[in-house]
Amino acid sequence: PIFTNLLEKNYFYIADTDTWTLVVAIPRNPFGVLLAQKIVSKAHKLFQEYGFQPASLLVQYSLWSLLQDKVPACVEADSIHITKSESTLEIISTGFFLAGLYRQGKLLCSTRPVEERSMPAKQPVDLLHRVNEKGEFVLQDLKHVWDIEKDDMLLLSWIDSLSVLEEVLQIAMKSGQNRRSKVSDIVSTLKAIFDLSCDGGKPFVIIRLD
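Residues numbered from 1 in each chain as written. Predicted model: local features only at pLDDT ≥ 70, side-chain atom pairs only at ≥ 80, totals over all residues. Heavy atoms only, no water.

### Focus: the nonpolar core
So, step 1. L154 and L156 are the most contacted members of the largest nonpolar core, which totals 21 residues.
So, step 2. Put simply, the parts of the chain that give this core at least two residues each are β3 (19–27), β4 (77–85), β5 (88–93), β6 (97–103), β9 (153–158) and β10 (204–208).
So, step 3. Listed in part, the twelve residues of the second largest apolar core include V40, L46, L58 and V75. (Core = buried A, V, L, I, M, F, W, Y, C linked by side-chain atoms within 4.5 Å. Buried < 20%, exposed > 50% of the residue type's maximum accessible area, 1.4 Å probe, protein only. Helix = DSSP H or I, 4+ residues; strand = E, 2+ residues; numbered from the N terminus.)

See below:
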C-alpha cells in the first residue's frame, strides 16, 4: 500500500502470500488521538497472538478491549478494518473513512458514508451500545465482502461525501485504466486532487491488488 498524509502510528499493515491485514484509525478531535492509536495497537496485538483473522473478528476484539477500557464519550475517531484472503476482501468501516474498488478505471463497489447507513455508527465507540443477546457486537450494516481480481485498485480516503469521493476518484482512476499504469502516477494525481479539494491534505491509501 501507498499511504499519503497518514502517520505510521495511525495504521497497521501486514501481508503474507495470499492474505493481508490493514487497519487505519484517524482521530476526529484531540480526544480521539489516543483512541485511534489504541485501535491500531489492538490489531497489532491480535495478529501477534492469533495470526491472521477476518476483519469482523478484528473489530469484535477491538470493541471488547475498548469496552473494558471505558472509553469516554467525548472521543471521536474513524476506523476501517480490511482483510484480504485469496480473492476476497472483508471490510468494516466506521465514520467517514471510505473504500472504493476499481477495475480498469471503473468503480465496482464502495462503502457507504455515515448518513446513508440504516444503523449509523459515526465512530467505533458508538458500536459499544450495539450488542445482541449473545454478547456479540452487531456489525452487519458495516460489513462488506468483495470479490477481487488481479490488478484491481483499492482506494481508501477520508472524505465525508460519497458523491465527492466518486468524483475525485474517477478523475484519478482514469490514469489507472491501463493495467501497466504505475501506482505512483495514480498517487501523484490523487495527491494533487486531494490537496486542492480537502483542507490540510486528507489522508488516503491506494493498493494495487494481486
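There is more to say, and it comes next.
### Let's talk about the sheet that holds β5
So, step 1. A sheet is described by the order of its strands in space; here five strands give the open sequence β2-β3-β4-β5-β8, paired in antiparallel fashion. With one partner strand each, in any of the chains shown, β2 (11–15) and β8 (143–147) form the two edges of the open sheet. Across this sheet, the average inter-strand angle for adjacent strands is 10°, counted without regard to direction.
So, step 2. Summarising the sheet, β4 and β5 pair through six bridges and their orientation is antiparallel. Looking at β5, one finds that I80 is bridged to S93. (Pairing = 2+ DSSP bridges. Axes fitted to C-alpha atoms, helices over the stretch in contact; angles between N-to-C directions.)

### Overview of unusual backbone geometry
So, step 1. A positive phi angle, near 55°, is found at N5, a position not held by glycine.
So, step 2. Note on placement: N5 falls in the loop between β1 (2–4) and β2.
So, step 3. Positive phi, close to 55°, is recorded for E86, a residue that is not glycine.
So, step 4. Here E86 shows up in the loop between β4 and β5.

### As for the packing of aromatic side chains
So, step 1. As enumerated under the stated definition, the model contains three aromatic pairs in all.
So, step 2. On the numbers, 3.7 Å between centres and 10° between planes, the contact of F3 with Y11 is stacked.
So, step 3. The class of F3 is partly exposed, set by a relative accessible area of 22%.
So, step 4. Their ring planes at 55° and their centres at 6.3 Å tell us that F12 and F47 sit as a pair that is tilted. Linking F12 in strand β2 with F47 in helix α1 (residues 32–50), this pair joins segments that are 35 residues apart in sequence.
So, step 5. Its relative accessible area of 8% is what places F12 among the buried residues. (Phe/Tyr/Trp six-rings, centres within 6.5 Å; stacked < 30°, edge-to-face > 60°.)

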